[in-house]
Amino acid sequence: MRIARSVAIIVVAVGGLAVGVGCAGGGPATPSDPVLAQGQQIYTARCASCHGVSGGGGIGPALAGRMTERFPDVADQIALLTNGVPGTSMRAFDEVLSAAEIDAVVRYTRESLVGS
Ligand code: HEC
């Protein structure tokens, strides 16, 4: 009984630490959905430099809070990422990301980068 309780406390402590580390970059907390968490990793590595860690924009336009309105059909947003926007610094991501990775990062921008 006592052992079980100590284990529970350790699990909670480690979990809290992981959340703390996730927040250390100053961006949004890590989503609990594994696909969204993968999307966040891809976003941080490949998109945040132009669109901002929280999607507030920079070299590229702000994404946070406007993706579902801008792309009512998710297929249009997937196509934009797949093909890029020719003539701009928005490259085609089909060369570096798999279709599943593109789906994950698209879901992340639609469901997690909702702005403040
Ligand atoms: C090197 C800079 C750069 C990187 C890296 C980049 N983008 Fe972009 N992105 C842009 C620019 C610039 C535009 C605007 C293109 C235009 O003029 O239509 C854009 C446009 C977009 C748009 C369309 C926005 C709209 O309202 O029309 C989306 C969605 C988008 N980017 C998502 C992403 C995602 C997701 C990633 C990472 C996988 C990413 N971008 C990486 C620069 C970048």
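What counts as what
Residues numbered from 1 in each chain as written. Predicted model: local features only at pLDDT ≥ 70, side-chain atom pairs only at ≥ 80, totals over all residues. Heavy atoms only, no water. Donors = N, O, S within 2.8 Å, 3.2 Å for Na, K, Ca; no water. Tetrahedral: all angles 85-135°; square planar, octahedral: opposite > 155°, others 65-115°. Helix = DSSP H or I, 4+ residues; strand = E, 2+ residues; numbered from the N terminus. Phe/Tyr/Trp six-rings, centres within 6.5 Å; stacked < 30°, edge-to-face > 60°. Buried < 20%, exposed > 50% of the residue type's maximum accessible area, 1.4 Å probe, protein only. Contact = heavy atoms within 4.5 Å. Axes fitted to C-alpha atoms, helices over the stretch in contact; angles between N-to-C directions. Parallel < 35°, antiparallel > 145°, perpendicular 65-115°, else oblique. Left-handed = near helix turned anticlockwise from the far one by under 90°. Nonpolar A, V, L, I, M, F, W, Y, C, P; charged D, E, K, R; others polar. Near = heavy atom within 4 Å. Polar contact = N/O pair within 3.5 Å; in protein donor to acceptor, adjacent residues only side chain to side chain. Salt bridge = Lys/Arg side-chain N within 4 Å of Asp/Glu carboxyl O.

Caption draft 1: Structural view of the coordination of the iron atom of the ligand. The iron atom of the ligand binds to the protein through His51 (NE2) and Met90 (SD); the donor distances cover 2.0 to 2.1 Å. Classification of the site at the iron atom of the ligand as octahedral follows from its six donor atoms and the range of 88 to 178° in their angles at the metal. With His51 in helix α3 (residues 48–51) and Met90 in the loop between α5 (74–83) and α6 (99–111), this residue pair connects regions lying 39 residues apart in the sequence.

Caption draft 2: Local environment of the packing of aromatic side chains. Enumeration according to the criterion identifies one aromatic pair in this entry. Geometrically, the ring pair formed by Tyr43 and Tyr108 is tilted, given 5.7 Å between the ring centres and 45° between the ring planes. A residue pair is termed long-range when its members are at least 10 positions apart, and Tyr43 in helix α2 (residues 34–46) and Tyr108 in helix α6 qualify at 65 residues. Each member of the pair, Tyr43 together with Tyr108, is buried.

Caption draft 3: Representation of the environment of Leu80 in the model. Along the chain, Leu80 falls in helix α5. The exposure class assigned to Leu80 is partly exposed, which follows from its relative accessible area of 24%. Along the sequence, Leu80 and Ala92 sit twelve residues apart, while their C-alpha atoms lie 7.8 Å from each other. Apart from residues lying up to four places away in sequence, Leu80 is in contact with Phe71, Val85 and Met90.

Caption draft 4: Inspection of the packing of α5 against α6 at higher detail. Contact pair α5 / α6: the axes reach a minimum separation of 10 Å and the direction vectors enclose 120°. Here α5 lies oblique to α6, going by the angle between them. Considering how the two elements wind past one another, α5 and α6 form a crossing that is right-handed. Taken together, the residues of α6 that come into contact with α5 (itself represented by Val74, Gln77, Ile78, Leu81 and Thr82) are Ile102, Asp103, Val105, Val106, Thr109 and Arg110. Partitioned by chemical class, the residues of the contact of α5 with α6 number six nonpolar, three polar and two charged.

Caption draft 5: Geometry of the site of the ligand. Surrounding the ligand, one finds 19 residues, the nearest of these being Cys47, Cys50, His51, Arg66 and Met90. Between the ligand and His51, the relevant distance is 2.8 Å, taken from a nitrogen atom to a side-chain nitrogen or oxygen of the residue. The contact in question runs from an oxygen atom of the ligand to an N or O atom on the side chain of Arg66, over 2.8 Å. Of all the secondary structure elements, the ones that give two or more residues to the shell around the ligand are α3, α4 (67–70) and α5. A class-by-class count of the residues in the shell around the ligand yields twelve nonpolar, four polar and three charged.

Caption draft 6: The pattern of salt bridges, seen in detail. In total, this model carries three salt bridges according to the counting rule given. Between Arg91 and Glu95 there is a salt bridge whose closest N-O contact spans 2.9 Å. With relative accessibility at 37%, the residue Arg91 sits in the partly exposed group. Close ionic contact of Glu111 with Arg107 constitutes a salt bridge, the shortest N to O distance being 2.8 Å. One end of the pair is Glu111 and the other is Arg107, both in helix α6 and four residues apart, which spans about a single turn. Among the charged side chains, a network of salt bridges with common partners joins Asp33, Arg107 and Glu111.

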